[in-house]
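# Observations on the three-dimensional arrangement
Chain by chain, the residues:
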Amino acid sequence: NMFGQKPPIPEYKVAAIQKSRFILLHYGTFKAGWDWLILLATFYVAVTVPYNVCFTVGWGRDEGSSTTSRSPPSVSDILVEILFILGKNQLH
């Protein structure tokens, strides 16, 4: 009814919130530590990639060979790649 009584306000039941232990807080300690770890890994990549390009990959070109010998990735490089893969999966 347009001018009659207002409909009653629905009553909501208040239940106790059960928080799962697998939910991480957005501003929690773990999230802050994860963000610092990603930042340090980004700085590591920003330093090591130009270093490797300038000083390690280019040495085979001086001898006239068309193929350059590449050293296998170090353990730290592999760990940083895994860290970035896990970080990408965390966003989705």
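Just so we're clear, the structure is a prediction, and the values are computed from it rather than from any experiment. (Residues numbered from 1 in each chain as written. Predicted model: local features only at pLDDT ≥ 70, side-chain atom pairs only at ≥ 80, totals over all residues. Heavy atoms only, no water.)

Next up on the list: the overall build of the chain. A tally of helices and strands in the chain yields two helices and zero strands. The proportion of buried residues among the 92 residues of the chain is 9%. For the chain, the accessible area works out to roughly 9,100 Å², and carbon and sulfur atoms hold 66% of it. (Helix = DSSP H or I, 4+ residues; strand = E, 2+ residues; numbered from the N terminus. Buried < 20%, exposed > 50% of the residue type's maximum accessible area, 1.4 Å probe, protein only. Areas by Shrake-Rupley, 256 points an atom, 1.4 Å probe, with all protein chains shown as cover.)

A complete count under the given rule lists two aromatic pairs for this structure. When the centroid spacing of 6.4 Å and the interplanar angle of 25° are considered together, the rings of Phe30 and Trp34 count as stacked. Here Trp34 and Phe30 lie together in helix α1 (residues 29–57), a separation of four residues that amounts to about one turn. Taking 5.1 Å as the distance between ring centres and 45° as the angle between the ring planes, the aromatic pair formed by Tyr51 and Phe55 counts as tilted. A residue pair is termed a helical-turn pair when its members lie 3 or 4 positions apart in one helix, as Tyr51 and Phe55 do in helix α1 at four residues. Given a relative accessible area of 46%, Tyr51 falls into the partly exposed group. Looking at Phe55, the relative accessible area reads 46%, which means it is partly exposed. (Phe/Tyr/Trp six-rings, centres within 6.5 Å; stacked < 30°, edge-to-face > 60°.)

Attention now moves to the pattern of salt bridges. For the structure shown, the criterion picks out one salt bridge. The shortest N-O distance in the salt bridge between Lys31 and Asp35 comes to 3.2 Å. Here Lys31 pairs with Asp35, and both are found in helix α1, just four residues apart, close to one helical turn. Given a relative accessible area of 21%, Lys31 falls into the partly exposed group. Taking the relative accessible area as the measure of exposure, Asp35 reaches 38% and is therefore partly exposed. (Salt bridge = Lys/Arg side-chain N within 4 Å of Asp/Glu carboxyl O.)

Below, the discussion takes up a nonpolar patch on the surface. On the surface, Val75, Ile78, Leu79, Ile82 and Leu86 cluster together into a nonpolar patch covering about 480 Å² of accessible area. Note that Ile78 resides in helix α2 (residues 75–91). With a relative accessible area of 41%, Ile78 lands in the partly exposed category. (Patch = residues over 30% accessible without salt bridge, like charges linked within 9 Å, V, L, I, M, F, W, Y side chains within 5 Å.)

It is worth spelling out the side chain of Thr48 at this point. Position of Thr48 among the secondary structure elements: in helix α1. When its relative accessible area of 18% is taken as the criterion, Thr48 is described as buried. There is a polar contact of 2.9 Å between the side chain of Thr48 and the backbone oxygen of Tyr44. (Polar contact = N/O pair within 3.5 Å; in protein donor to acceptor, adjacent residues only side chain to side chain.)

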